[in-house]
Amino acid sequence: MYGKSEHRDDYQNVPRPLAAMARDLPDGHHIPAHHHRRAQLIYGTTGAITVATGHGVWVVPATRGVWIPAGLTHAMTCAGAVAMRTLYIEPRAARQLPEEPAVIPVSPLLRELIDEATRLPVEYAREGRDGKVMDLLLLQLTPRPVPALYLPAPADAQLDGVCAAIRQDPGMRWTTAYAAARARMSPRSLQRRFAAATGMSLSGWVRQARLVHAVTLLAQGTPVTVIASGLGYATPSAFTAMFRRALGTTPTAYFADGDPAHPAAGAATATEAP
């Protein structure tokens, strides 16, 4: 797009601290696990993006991006049509950002700067307007913690199998006894090992998996009534209440313009990604 390459390899060794690429991707498009020399901000102006690393899984709407440190293996899947606008950054140019993956809030200003960056030549003029746009963009990349849809990945083969099964069928009634039987361990052992491996209880992880699934379906245009039924909620209002408690807004408002990182007064926030 914009007369520039749509292949990530063409942005890794350019003589500039920041390179920006635009790609329009269809619903369900999957980019397999890979890594590259530069750090990356994965951001979509539409739909939602699921990013998976060895640390876990993140799902972000158009008001957030996922920061991927240099060299970290990651995969990506689109929910809904995604207008991806991604940044490739020399690690030394973004020292304010963490050495682990994280969710970055995308303010209206940052969104416009990212869009403009994708339209600039790869070897933009460092002096003058273009260089100042890129300098300001880098300054706007801040690691401010925001509520994130995050599923930590357990470094435990038995638990990893249970977590994969939960993600495959989040609407099932995942009791401790049933999950323990699948993992071939006692309920007590499962509770202890699950908390140690993920930092969450089994019930908390299941709730997050349901939210991840719900946001993915919402981005694809699935009606709230269908999502609520598929996740085992008796009524759409019960599902909406859970969604609001976790993310501070309703399912229908989640993809509206605005920043869901700032939930309504009195609303609970979701688990924050580390």
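Residues numbered from 1 in each chain as written. Predicted model: local features only at pLDDT ≥ 70, side-chain atom pairs only at ≥ 80, totals over all residues. Heavy atoms only, no water.

I tried to follow the overall build of the protein chain on my own but got confused; where do I start?
When helices and strands are counted, the protein chain shows eight helices and 10 strands. The C-alpha radius of gyration of the protein chain comes to 19 Å, within 12% of the 19 Å expected for a compact globule of 274 residues. Across its three principal axes, the protein chain shows a C-alpha extent of roughly 65 × 35 × 35 Å. By the burial criterion, 49% of the 274 residues in the protein chain qualify as buried. Nonlocal contacts in the protein chain, meaning residues at least 24 apart in sequence, comprise 71% of its contacts between residues at least 6 apart. Roughly 12400 Å² of accessible area belongs to the protein chain as shown, and the carbon and sulfur atoms make up 53% of that amount. Separation of charge centres in the protein chain, based on 27 positive and 21 negative side chains, amounts to 9 Å. (Helix = DSSP H or I, 4+ residues; strand = E, 2+ residues; numbered from the N terminus. Rg over C-alpha atoms; globule rule 2.2 N^0.38 Å. Buried < 20%, exposed > 50% of the residue type's maximum accessible area, 1.4 Å probe, protein only. Contact = heavy atoms within 4.5 Å. Areas by Shrake-Rupley, 256 points an atom, 1.4 Å probe, with all protein chains shown as cover. Lys, Arg positive; Asp, Glu negative; His and termini not counted. Charge placed at Lys NZ, Arg CZ, Asp CG, Glu CD.)

Hey, could you run me through the confidence of the model for the protein chain in this one?
Where the model shows low pLDDT, its predicted coordinates should not be examined in detail. In the predicted model, the protein chain carries a mean pLDDT of 88, and the fraction of residues at 70 or more is 92%. In the model, residues 257-274 has pLDDT below 50 throughout and makes 42 contacts with residues more than four positions away in sequence or in other chains. (pLDDT = per-residue confidence, 0-100.)

Honestly, the pattern of salt bridges in this entry has me stumped. Any pointers?
Pairs can form between side chains of opposite charge once their charged atoms are near each other. Going through the model one piece at a time under the given rule, you end up with 10 salt bridges. The residue Arg38 makes a salt bridge to Glu90 at a minimum N-O spacing of 3.2 Å. Here the residue Arg38 occupies a position in the loop between strand 2 (30-34) and strand 3 (39-43), and Glu90 occupies one in the loop between strand 8 (82-89) and strand 9 (102-105), the gap between them amounting to 52 residues. Across the pair, Glu90 and Arg38 agree in class, each one buried. Between Glu112 and Arg111 there is a salt bridge, and its shortest N-O distance comes to 3.6 Å. Owing to a relative accessible area of 34%, Arg111 belongs among the partly exposed residues under this scheme. Where salt bridges share partners, they join Arg37, Arg38, Glu90 and Arg92 into one cluster. (Salt bridge = Lys/Arg side-chain N within 4 Å of Asp/Glu carboxyl O.)

So what exactly am I meant to see when it comes to the packing of aromatic side chains here?
Each aromatic ring pair is specified by the distance between its two centres and by the angle formed by the two planes. Scanning the entire structure with this criterion turns up seven aromatic pairs. Aromatic rings pair up to connect Tyr233, Phe239, Phe243 and Tyr254 into one cluster. Over the ring of Tyr124 we find Arg16; its NZ or CZ atom is 5.7 Å from the centre of that ring. (Phe/Tyr/Trp six-rings, centres within 6.5 Å; stacked < 30°, edge-to-face > 60°. Lys NZ or Arg CZ within 6 Å of the ring centre and 35° of its normal.)

Would you explain the sheet that holds strand 4 (residues 48-53) in this entry?
The strands making up a sheet associate through backbone hydrogen bonding, with each pair oriented either parallel or antiparallel. The sheet built from five strands is open, its strands ordered 2-7-4-5-10 with antiparallel pairing. Only two strands of the sheet have a single partner each, and these edge strands are strand 2 and strand 10 (149-152). Between one strand and the next, the sheet's axes are offset by a mean angle of 15 degrees, whatever the strand orientation. Where strand 4 lies against strand 5 (residues 56-60), five bridges are found, and the strand directions are antiparallel. Bridge pairing links Ala52 to Val57 in strand 5. (Pairing = 2+ DSSP bridges. Axes fitted to C-alpha atoms, helices over the stretch in contact; angles between N-to-C directions.)

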